[in-house]
Amino acid sequence: MSIFKRISTTMVARLDRLVGAFENHDAVVEATLAEMRQSLAKARVYQARVRRDGEKLGEQLAAARDEERAWAERARAATDDESLALECLRRRRVCRERIGQLEKALTSHTSTEEKLAGDIRRAEQQLARLSEQRNLMRSRESTAEALNVASRAEASPDIDAAFERWAIRVTEAEMIADGVVPEDALRDRFEAEEDLHALREELAQLRQEGVRDEH
């Protein structure tokens, strides 16, 4: 089974099972995504190692081809020594066999590397899709919670009274900040009566002074 199938099948199946079993869906999804990211990180490390192995195979193939050409040149140059020329050709034959093996190994390795790259790419796409779906569900959940709170507040008989008390407190604070004292009917009544009493006493005193002046 490919890396993509192992990551995809295992993680998605686990995600479905855990989401159905637990109430904290966000935490479960986040844990699954974290595990997927870790698996992808391991896959990328493995991919880098596979790429290096492929580069080594390519270097070995190039060296074998150089050696094959070298033995061919040596055989061609040994015009006066047939046994030496034949030995060079035998060495050339060994090199050709080695080249065939390396070419076959490199072709298989290249196919494996391409398949691995495709699996990782699809796993990354699935991770991105699940992350986007997680973000969407978070947004939907937050919006639903906000709407539920608003609905409960509107249905509460105390909400209007709370807003009214709040408005009164804010208005009083604004008046104090502006140097205006909130009206107090009872206090104003007593102050008016006290002022009237003081004026009457002042009038009486003036009248008494006027009587004394006449005498």
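Each value, and the rule that gives it
- Residues numbered from 1 in each chain as written.
- Predicted model: local features only at pLDDT ≥ 70, side-chain atom pairs only at ≥ 80, totals over all residues.
- Heavy atoms only, no water.
- Helix = DSSP H or I, 4+ residues; strand = E, 2+ residues; numbered from the N terminus.
- Buried < 20%, exposed > 50% of the residue type's maximum accessible area, 1.4 Å probe, protein only.
- Areas by Shrake-Rupley, 256 points an atom, 1.4 Å probe, with all protein chains shown as cover.
- pLDDT = per-residue confidence, 0-100.
- Salt bridge = Lys/Arg side-chain N within 4 Å of Asp/Glu carboxyl O.
- Contact = heavy atoms within 4.5 Å.
- Phe/Tyr/Trp six-rings, centres within 6.5 Å; stacked < 30°, edge-to-face > 60°.
- Lys NZ or Arg CZ within 6 Å of the ring centre and 35° of its normal.
- Patch = residues over 30% accessible without salt bridge, like charges linked within 9 Å, V, L, I, M, F, W, Y side chains within 5 Å.
- Polar contact = N/O pair within 3.5 Å; in protein donor to acceptor, adjacent residues only side chain to side chain.

With that settled, consider the overall build of the protein. Assigned secondary structure in the protein consists of five helices and zero strands. Reading the helices (α) and strands (β) of the protein from amino to carboxyl end gives α-α-α-α-α. Buried positions account for 19% of the 215 residues belonging to the protein. Working note: accessible area of the protein is about 16500 Å², and carbon and sulfur atoms make up 53% of it.

When pLDDT is averaged along the protein, the result is 83, and 81% of the positions lie at 70 or above. Across the protein, the element-wise mean pLDDT spans from 54 in helix α1 (residues 3–21) up to 92 in helix α2 (residues 25–77).

Let's shift gears to the pattern of salt bridges. This structure, assessed with the given rule, holds 16 salt bridges. Note that Arg 134 is salt-bridged to Glu 30, the shortest N-O span being 2.2 Å. Within this pair, whereas Arg 134 is found in helix α3 (residues 82–155), its partner Glu 30 is found in helix α2, the two being separated by 104 residues in sequence. Residues Asp 119 and Lys 115 are paired through a salt bridge, measuring 3.3 Å at the closest nitrogen-oxygen approach. Separated by four residues within a single helix, Asp 119 and Lys 115 lie in helix α3, roughly one turn from each other. Taking the relative accessible area as the measure of exposure, Lys 115 reaches 48% and is therefore partly exposed. Because the salt bridges share partners, they merge into one network encompassing Asp 26, Glu 30, Arg 37, Arg 134 and Arg 138.

Right, let's talk about the environment of Val 50 for a bit. With respect to the helices and strands, the residue Val 50 is situated in helix α2. Taking the C-alpha atoms as reference points, Val 50 and Leu 116, separated by 66 residues in sequence, lie 9.2 Å from one another. Beyond its immediate stretch of four places on either side in the chain, Val 50 contacts His 109, Glu 113 and Leu 116.

The next thing to look at is the packing of aromatic side chains. Centre distance and the angle of the planes are the two values used to describe a pair of aromatic rings. One pass over the full model with this rule turns up zero aromatic pairs. The aromatic ring of Trp 71 is capped on one face by Arg 74, whose charged end is 4.3 Å from the ring centroid.

Judged by side-chain polarity, Phe 163, Trp 166 and Val 170 come together as a nonpolar surface patch covering roughly 320 Å² of accessible area. Looking at the secondary structure, you find Trp 166 in helix α4 (residues 158–177).

To continue, consider the side chain of Ser 131. Within the secondary structure layout, Ser 131 lies in helix α3. With a relative accessible area of 14%, Ser 131 lands in the buried category. Among the polar contacts made by the side chain of Ser 131, one reaches the main-chain carbonyl oxygen of Leu 127 at a distance of 2.9 Å. Not counting residues within four places of it along the chain, the set of residues in contact with Ser 131 comprises Leu 33 and Arg 37.

Counting through the fold element by element, Ala 105 comes out in helix α3. For the pair Ala 105 and Gly 58, spaced 47 residues apart in the sequence, the C-alpha separation amounts to 9.8 Å.

With respect to the helices and strands, the residue Leu 102 is situated in helix α3. Between the C-alpha atom of Leu 102 and that of Gly 58, which follows or precedes it by 44 residues, the distance is 8.2 Å. Apart from residues lying up to four places away in sequence, Leu 102 is in contact with Leu 57, Gln 60, Leu 61 and Ala 64.

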